Amino acid sequence: MAPQQNSTEKASIEATESDIKINESASEAWAQAADQLPAEINIQGKIYKSSDLSGRARKLLVIYLADIRLIGQQREMLALAELGLKSLEKEIIAAAENN
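Source: prediction; values computed, not measured.

## Comments concerning the overall build of the chain
Phase 1: A count of helical and extended segments in the chain gives three helices and two strands.
Phase 2: In sequence order, the secondary structure elements of the chain are arranged as α-α-β-β-α.
Phase 3: The buried share of the chain, taken over its 99 residues, is 11%.
Phase 4: A sequence separation of at least 24 residues applies to 44% of the contacts in the chain between residues at least 6 apart.
Phase 5: For the chain, the computed accessible surface area is about 8500 Å², with 55% contributed by carbon and sulfur atoms.

Structure (structure tokens):
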């Protein structure tokens, strides 16, 4: 039986072993998205200039930035849900104690 890997190790192995496929048929959309990239981006502590990146790297950067936005939105939704739960807990406790 093979030793189990944690999810971080698996993700890092998959990321290095796989080749991300990009839909090239939407080249105009890619060009527009690439034009809206920030001048510089910090990835893992290293600053990259968007203008210095290859076309493929710029496309991957567009995906990367979209994913970062999605993760931020999910974190915000989670925080709001947690606040809602805390509020509900208080209401439930107050209602239970008033019985």
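Having seen the structure, we can now continue with the description.
## Looking at a nonpolar patch on the surface
Phase 1: Together, L85, L88 and I92 give the surface a local cluster of nonpolar side chains, amounting to about 310 Å² of exposed area.
Phase 2: Looking at where L85 falls in the secondary structure, it is placed in helix α3 (residues 55-97).

## Concerning the confidence of the model for the chain
Interpretation of the predicted coordinates at a detailed level should be avoided for regions scoring low in pLDDT.
Phase 1: Summary statistics for the chain give a mean pLDDT of 81 and a share of 75% for residues scoring 70 or more.
Phase 2: Confidence drops under a pLDDT of 50 for residues 7-17, and excluding neighbours within four residues, the segment shows two contacts in the predicted structure.

## Notes on the side chain of S50
Phase 1: Looking at the element boundaries, S50 is found in the loop between β2 (46-49) and α3.
Phase 2: Under the relative-accessibility criterion, S50 is labelled buried at 3%.
Phase 3: Setting aside residues up to four positions removed in sequence, S50 forms contacts with L37, P38, A39, E40, R58 and L61.

## Here's the deal with α3
Phase 1: With 43 residues, α3 extends 63 Å between its outermost C-alpha atoms, agreeing within 8% with the 63 Å of an ideal straight helix rising 1.5 Å per residue.
Phase 2: The complete set of buried residues in α3 reads R58, K59, L61, V62 and L65.

## Concerning unusual backbone geometry
Excluding glycine, residues mostly carry a negative phi; peptide bonds, for their part, are mostly trans.
Phase 1: Backbone geometry at Q44 places phi at a positive 50 degrees, although glycine is not the residue there.
Phase 2: In this structure, Q44 sits in the loop between β1 (40-43) and β2.
Phase 3: Residue classification places Q44 among the exposed positions, given a relative accessible area of 83%.

## Structural notes on the nonpolar core
Phase 1: Listed in full, the seven residues of the largest apolar core are W30, A34, L37, I41, L61, V62 and L65.
Phase 2: Counting residues per element, the ones that place at least two in this core are α2 (27-35) and α3.
Phase 3: Broken down by element, the residue count for this core peaks at three residues, all from α3.
Phase 4: Once residues within four sequence positions are removed from consideration, L37 is found in contact with S50, R58, L61, V62 and L65.

## Focus on the side chain of R58
Phase 1: Mapped onto the fold, R58 is located in helix α3.
Phase 2: Sequence-distant contacts of R58, that is, excluding residues within four places in its chain, are made with A34, D35, L37, S50, S51 and L53.

About the criteria used
Residues numbered from 1 in each chain as written. Predicted model: local features only at pLDDT ≥ 70, side-chain atom pairs only at ≥ 80, totals over all residues. Heavy atoms only, no water. Helix = DSSP H or I, 4+ residues; strand = E, 2+ residues; numbered from the N terminus. Buried < 20%, exposed > 50% of the residue type's maximum accessible area, 1.4 Å probe, protein only. Contact = heavy atoms within 4.5 Å. Areas by Shrake-Rupley, 256 points an atom, 1.4 Å probe, with all protein chains shown as cover. Patch = residues over 30% accessible without salt bridge, like charges linked within 9 Å, V, L, I, M, F, W, Y side chains within 5 Å. Salt bridge = Lys/Arg side-chain N within 4 Å of Asp/Glu carboxyl O. pLDDT = per-residue confidence, 0-100. Expected span 1.5 Å × (residues − 1). Core = buried A, V, L, I, M, F, W, Y, C linked by side-chain atoms within 4.5 Å.

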